[in-house]
Amino acid sequence: MSAPQTDDECRARLVQMSVVDENGCWLWQGWKTPLGYGATYYKRKRWPAHRLSFALLKGPIPEGMDVCHSCDVRHCINPDHLWTGTASDNILDCARKGRHRNSRKTHCDHGHEYTEENTWIAANGKRHCRACQRIRQRLRAGWPEDVAQAMATVPSGIRPVNAHWRRRATSTSAAAHVQNP
Ligand SMILES: [Zn+2]
Ligand SMILES: [Zn+2]
């Protein structure tokens, strides 16, 4: 397959090479840089895929400007998730500005509010919900789902005292003990 030549072919290729996820992100399926950005070629030059998407699907990138993601997904090339900010090596800063500009979601996918104490920002600028993280950790530790969900806002390190699942666990082991000869 020869490399796409015209802008229209390049636009078609950007669409073909991405998969839309449930957040509307167009996830680049081609080669990625070590930092997680999509990469491709355009007119014999290497381009970050999101910059090429912006340039071909939205318009020229102003001189010296960065193309930033409002969704924080580095390999997303959906032009609607991209905006230009002043040149900055600081990806976090870029992501934060995007959040302000687009007044992003106020709650996680599971309905927990992104308050200051319920949010941590990873090195790639993506927001994480602490409540969801606690639920995942507790499920891994063997908590029943309803208890883990109910305790989502309670900081880690606190265990429910006399929770029914503890009694259940105790009675199961007692029954097993009785049945053993
Ligand atoms: Zn996106
Ligand atoms: Zn959550």
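Residues numbered from 1 in each chain as written. Chains lettered and ligands numbered in written order. Predicted model: local features only at pLDDT ≥ 70, side-chain atom pairs only at ≥ 80, totals over all residues.

Draft legend 1. Molecular detail of unusual backbone geometry. The phi dihedral of Lys43 falls on the positive side, at around 50 degrees, and the residue is not glycine. Here Lys43 is to be found in the loop between strand S3 (39–42) and strand S4 (45–48). Classification of Lys43 by C-beta neighbours within 10 Å gives exposed; the count is 10. Despite not being glycine, Asp72 has its phi angle at roughly 65 degrees, a positive value. On the secondary structure map, Asp72 appears in the loop between strand S5 (65–69) and strand S6 (82–86). Residue Asp72 is classed as buried on the basis of its 23 C-beta neighbours within 10 Å. (Helix = DSSP H or I, 4+ residues; strand = E, 2+ residues; numbered from the N terminus. Buried ≥ 20, exposed ≤ 12 C-beta atoms within 10 Å, placed from the backbone.)

Draft legend 2. The environment of Arg51, seen in detail. Among the secondary structure elements, Arg51 is positioned in helix H2 (residues 49–57). Its 21 C-beta neighbours within 10 Å are what place Arg51 among the buried residues. For the pair formed by Arg51 and Ile61, sequence separation is 10 residues and the distance between their alpha carbons is 7.9 Å. Once residues within four sequence positions are removed from consideration, Arg51 is found in contact with Ile61 and Val67. (Contact = placed C-beta atoms within 7 Å.)

Draft legend 3. Layout of the nonpolar core. Core analysis: the largest hydrophobic core is formed by 12 residues, namely Cys10, Leu14, Cys25, Trp26, Trp28, Tyr37, Ala49, Leu52, Cys71, Val73, Cys76 and Ile77. Core analysis: the next-biggest nonpolar cluster, separate from the first, contains five residues, Cys129, Ala131, Ile135 and Ala148 among them. (Core = buried A, V, L, I, M, F, W, Y, C linked by C-beta atoms within 7 Å.)

Draft legend 4. Layout of the packing of helix H1 (residues 7–16) against H2. Across the interface, H1 lies against H2 with an axial gap of 10 Å and an inter-helix angle of 130 degrees. Taken together, the axes of H1 and H2 are oblique relative to one another. Two packed elements cross with a definite hand, and for H1 against H2 that hand is left-handed. Contacts from Asp7, Cys10, Arg11 and Leu14 of H1 reach H2 at Leu52, Ser53, Leu56 and Leu57. Along the lines of polarity and charge, the residues of the contact of H1 with H2 split into five nonpolar, one polar and two charged. (Axes fitted to C-alpha atoms, helices over the stretch in contact; angles between N-to-C directions. Parallel < 35°, antiparallel > 145°, perpendicular 65-115°, else oblique. Left-handed = near helix turned anticlockwise from the far one by under 90°. Nonpolar A, V, L, I, M, F, W, Y, C, P; charged D, E, K, R; others polar.)

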